[in-house]
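# Observations on the model geometry
What follows is each chain in one-letter form.
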Amino acid sequence: MKGISIEVEAISASFREAAGQLYHETLPLPPPSTLAGFAGAAMGKSFEETLSFFKRYHIGVGCQGNYQGKGRDLWNYEKIKSGGKSGTDIVIREFLYEFRGKLFYMCEDKEIAKELYNAFTAPYYGLTLGTSDDIAKLSKVTWHDDLKIGKSSEIDNTWIYGDQLSNLELDWEKISKTPIAKTIKPAIVKLLPVDYTFETDGARQACSYQTFTFLGDNQKPTNPVSVYFFDDTVVSLCYIFNEKGNE
């Protein structure tokens, strides 16, 4: 099993939930569809082409990251009202400040994994973590020649496939060392799109959803979960774009 890890950072990042309308709440980490789109931009592919590519070669994705704070931005946009008339409205967009993290990709096919690796070392398009304003800097791209699979409870600041709330406990050792001024982020569960249908004009519509649990830095699984070892980094990866299912 071959793997790629990418260290990224951005002054601002935003991962909007698909259901957001006038208030665009951000997820704490890039969801699977964002990770696929990020790779697609590096390869110079459209999102539709990228999704097909990930399905064909059974590419797994995962992430780990943290941020220094949150903010809200106001966007003025033009919308089409009933009757075909246009008007303006305000969108409140939540964003993450000083995001830093690692993105992970996995593939059994060495040549396909190498194609991904080469794309990240010389991206076709500029890469972003959200909107076009959320420019991402790739600090380091690492090739992993032999990923190990196992089980572990020592994971944090990541997402895990499925609703894991009943399998979480607080890490009191970490909490005891947390400064009083720092907010402890709770674990959250989100239903996110993992597959899409596409119109002839390129517009996409979510057609399949899966549940994911986002962990902060003060929770950990009570019972070990399936993980992959990228050297000294432990992360949960999911095959979410194909019929193979999740590990």
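To start, this report covers the structure provided alongside it. (Residues numbered from 1 in each chain as written. Predicted model: local features only at pLDDT ≥ 70, side-chain atom pairs only at ≥ 80, totals over all residues. Heavy atoms only, no water.)

## Digging into the overall build of the chain
- Along the backbone of the chain there are four helices and 14 strands.
- Scaling as 2.2 N^0.38, a compact globule of 247 residues should have a C-alpha radius of gyration of about 18 Å, and the chain matches this with 18 Å.
- The dimensions of the chain, computed from C-alpha atoms along their principal axes, are 55 × 50 × 30 Å.
- Burial status across the chain gives 47% buried among its 247 residues.
- Of the contacts made within the chain by residues no fewer than 6 positions apart, 76% connect residues no fewer than 24 positions apart.
- By element, 48% of the accessible surface of the chain is carried by carbon and sulfur atoms, the whole surface being about 12,800 Å².
- Averaged over its 27 positive side-chain charges, the chain has a centre that lies 2 Å from the centre of its 33 negative ones. (Helix = DSSP H or I, 4+ residues; strand = E, 2+ residues; numbered from the N terminus. Rg over C-alpha atoms; globule rule 2.2 N^0.38 Å. Buried < 20%, exposed > 50% of the residue type's maximum accessible area, 1.4 Å probe, protein only. Contact = heavy atoms within 4.5 Å. Areas by Shrake-Rupley, 256 points an atom, 1.4 Å probe, with all protein chains shown as cover. Lys, Arg positive; Asp, Glu negative; His and termini not counted. Charge placed at Lys NZ, Arg CZ, Asp CG, Glu CD.)

## Looking at a nonpolar patch on the surface
- Side chains of Tyr 23, Leu 74, Ile 90 and Ile 92 sit close together on the surface and give an oily, nonpolar patch of about 350 Å² of accessible area.
- For Tyr 23, the position within the fold is in strand β2 (residues 23-24).
- Given a relative accessible area of 34%, Tyr 23 falls into the partly exposed group. (Patch = residues over 30% accessible without salt bridge, like charges linked within 9 Å, V, L, I, M, F, W, Y side chains within 5 Å. Salt bridge = Lys/Arg side-chain N within 4 Å of Asp/Glu carboxyl O.)

## Concerning the sheet that holds strand β8 (residues 159-161)
- Ordered in space as β8-β11-β10, the three strands form an open sheet in which the pairing is antiparallel. Where the open sheet ends on each side, the last strands, each with one partner, are β8 and β10 (188-198). Each strand axis lies, on average, 50° off the axis of its neighbour in the sheet, ignoring direction.
- Where β10 lies against strand β11 (residues 204-214), ten bridges are found, and the strand directions are antiparallel. Opposite Tyr 196, over in β11, you have Ala 206 as the bridge partner.
- Here helix α1 (residues 32-43) sits on the sheet in contact with β8, β10 and β11, set at roughly 50° to β10. (Pairing = 2+ DSSP bridges. Axes fitted to C-alpha atoms, helices over the stretch in contact; angles between N-to-C directions.)

## Overview of the pattern of salt bridges
- With the rule as written, the count across this model stands at ten salt bridges.
- Residues Arg 93 and Asp 134 are paired through a salt bridge, measuring 3.6 Å at the closest nitrogen-oxygen approach. On the criterion of sequence distance, the pair formed by Arg 93 in strand β5 (residues 86-107) and Asp 134 in the loop between α3 (110-121) and β6 (137-144) is long-range, its members being 41 residues apart.
- With a relative accessible area of 7%, Arg 93 lands in the buried category.
- For Asp 134, a relative accessible area of 0% translates into the label buried.
- One salt bridge connects Asp 146 with Lys 148, and the closest N-O pair in it is separated by 3.0 Å.
- Given the relative accessible area of 49%, Lys 148 is considered partly exposed.

## As for the environment of Ala 19
- Inspection of the secondary structure puts Ala 19 in the loop between β1 (2-13) and β2.
- Given a relative accessible area of 65%, Ala 19 falls into the exposed group.
- Separated by 173 residues in sequence, Ala 19 and Leu 192 have C-alpha atoms that sit 9.5 Å apart.

It is worth stressing that arrangement in space is one thing and function is another; only the former is reported here.
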